[in-house]
Structure formats: structure tokens, C-alpha cells
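This is what each chain is made of:
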Amino acid sequence: MVPRAGLTAERLTEAAADLADEIGFENVTLAALAKRFGVKDASLYSHIRNLQDLRTRVALLAGAEMIDRIAVAVAGRAGKDALAAFASAYRAYALERPGRYAATQIRIDQSLIARTPALRRTAEITYGMLRAYGLDEPDLTDAVRLLRATFHGYCALESAGGFGAPRDVQQSWDKAVDALHVALEHWPHEENTDD
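Computed from a predicted model, the values in this text were never measured in an experiment.

### Thoughts on the overall build of the protein
Looking only at helices and strands, one finds nine helices and zero strands in the protein. Put simply, the protein runs from its N terminus to its C terminus through helices and strands in the order α-α-α-α-α-α-α-α-α. Summarising its shape, the C-alpha atoms of the protein cover approximately 60 × 50 × 30 Å along the three principal directions. Buried positions account for 39% of the 195 residues belonging to the protein. The long-range fraction of contacts in the protein, counting pairs at least 24 apart against all pairs at least 6 apart in sequence, stands at 67%. Summed over all atoms, the accessible surface of the protein reaches about 10800 Å², with 53% contributed by carbon and sulfur. Taking the average place of the 23 positive charges on the side chains of the protein and the average place of its 27 negative ones, the gap between the two points comes to 10 Å.

This is the structure in C-alpha cells:
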């Protein structure tokens, strides 16, 4: 057990993120976190408001870690190379840090997103990569949703052992990224109906 001295919101958040990777994000409770630090649940309330606050903090921590990886991977790349690097970094984080990754999927208040540099950075990097395909709004938002749904769905199925066919999972992933690249290059732009 970690000694109780020096509890901070940051230490509690890191410990909760580690716990999420060990037992699953949905199983992280204040009681489990307090036990890890050898303190009573009430001791945590000096540093965090409640379980929702803790989960939001873990989500923000994980989101920052994930976009840092993605940013390094896509730096200096464009088009298909950037997409493949983005996808690979996303998948690696999801599989290596399953509890943290699950935290990134919770809904976060939009006003908090606007005040959080890591979440703004996520949007900047993702939208920047997609602008290289010549996309503007509302197509950018549609493309972001397509990527997120594809990456998340694939990672969720893979981590649950949902792919039983003998085909190598990496080869299927590579084909999925190739297909996304083709879809982005041939994006069905909306017709302007204002004329």
C-alpha cells in the first residue's frame, strides 16, 4: 500500500487510471481507490468531489496521454501516412491501456472541453489531418465521426477477442485503414442547396 501522506488530486487520478487498466474503468470506485492508498473513503473528498469528478479526471488524463502519442506519430506526415500513423497510435493506446482508453469514451461537458488544452489539441490534430484531404465543415465532423466509430469499434472488438477468423488481425486493420483513406479521398461532399 502507498502511504497516505501526500495525497493530491493528481496522485489520486494517476492511481485511478492505473486501477482502471488493472480492473476496468467501470470497476473503479472511491472505495477501491481509498483501499489502494490505505485511507478511508472520506479522506479522498479533500482532493476530489465525487466519483464522477474522479472519472472525468481520469478521462482527461487518458485523453492527454493518447493525443500525445498520436501527435508524435503524425508529426511531419500527411495524407495516408498521417492516417496510418494516427490509426496505429490510437489502436496501440487502446490495447495497451484498456482502462484509460475506456475513460476516453465517456461524455465530457462541452465547457470543460473548451477549457482543456489536451482536448482542444485532439481536435486540432484530428481536424488538421483531415483537412489535408480537402475536407471542410460539415464534412470534417462527419469524417471525424467515421474515424472514431471505425477505430473504436475495431479496438473494442479486438480487445474482447471478437475476431475469431484465422485472418491476421493486423492485416485486417491495415485494410480498414486503406479503405478509410480511399473513402476520405473520394468523400461525398454535400451539395450546396442555398442556390
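### A short note on a negative patch on the surface
Judged by side-chain charge, Asp136, Glu137, Asp142 and Glu190 come together as a negatively charged surface patch. Looking at where Glu137 falls in the secondary structure, it is placed in the loop between α7 (117-131) and α8 (139-159).

### Remarks on the packing of helix α1 (residues 9-23) against helix α2 (residues 30-37)
Two packed helices can be described by the angle between their axes and the distance between those axes. For the pair α1 and α2, interaxial distance at closest approach is 10 Å and the crossing angle is 110°. Judged on the interaxial angle alone, α2 and α1 are roughly perpendicular. On α2, the residues that touch Arg11, Leu12, Ala15, Ala16, Asp18, Leu19 and Glu22 of α1 are Ala32, Leu33, Arg36 and Phe37. Partitioning the contact of α1 with α2 into residue classes produces seven nonpolar, no polar and four charged.

### Description of the environment of Phe163
Positionally, Phe163 belongs in the loop between α8 and α9 (169-185). On the basis of relative accessibility, which here comes to 33%, the residue Phe163 falls in the partly exposed class. Distance from Phe163 to Trp187, taken between C-alpha atoms, is 28 Å for residues 24 residues apart in sequence. If we skip the residues at most four places from it in the chain, Phe163 touches Tyr154, Leu157, Glu158 and Val169.

### Here we look at α8
Its 21 residues place the ends of α8 30 Å apart at the C-alpha level, agreeing with the 30 Å of an ideal helix rising 1.5 Å per residue. By the burial criterion, the buried members of α8 are Asp139, Leu140, Ala143, Val144, Leu147, Phe151, Tyr154, Cys155 and Glu158. All buried residues of α8 fall inside an arc of 140° around its axis, so they share one side. For α8, the exposed residues set more than 90 degrees away from the buried face come down to Arg145 and Ala149. Among the structural elements, α4 (79-96), α7 and α9 are those in contact with the buried residues of α8. In the segment just after α8, Gly161 is the residue with positive phi, at about 75°.

Basis of the calculations
- Residues numbered from 1 in each chain as written.
- Predicted model: local features only at pLDDT ≥ 70, side-chain atom pairs only at ≥ 80, totals over all residues.
- Heavy atoms only, no water.
- Helix = DSSP H or I, 4+ residues; strand = E, 2+ residues; numbered from the N terminus.
- Buried < 20%, exposed > 50% of the residue type's maximum accessible area, 1.4 Å probe, protein only.
- Contact = heavy atoms within 4.5 Å.
- Areas by Shrake-Rupley, 256 points an atom, 1.4 Å probe, with all protein chains shown as cover.
- Lys, Arg positive; Asp, Glu negative; His and termini not counted.
- Charge placed at Lys NZ, Arg CZ, Asp CG, Glu CD.
- Patch = residues over 30% accessible without salt bridge, like charges linked within 9 Å, V, L, I, M, F, W, Y side chains within 5 Å.
- Salt bridge = Lys/Arg side-chain N within 4 Å of Asp/Glu carboxyl O.
- Axes fitted to C-alpha atoms, helices over the stretch in contact; angles between N-to-C directions.
- Parallel < 35°, antiparallel > 145°, perpendicular 65-115°, else oblique.
- Nonpolar A, V, L, I, M, F, W, Y, C, P; charged D, E, K, R; others polar.
- Expected span 1.5 Å × (residues − 1).
- Arc of directions from axis to C-beta.

Coordinates in, geometry out; function isn't part of it.
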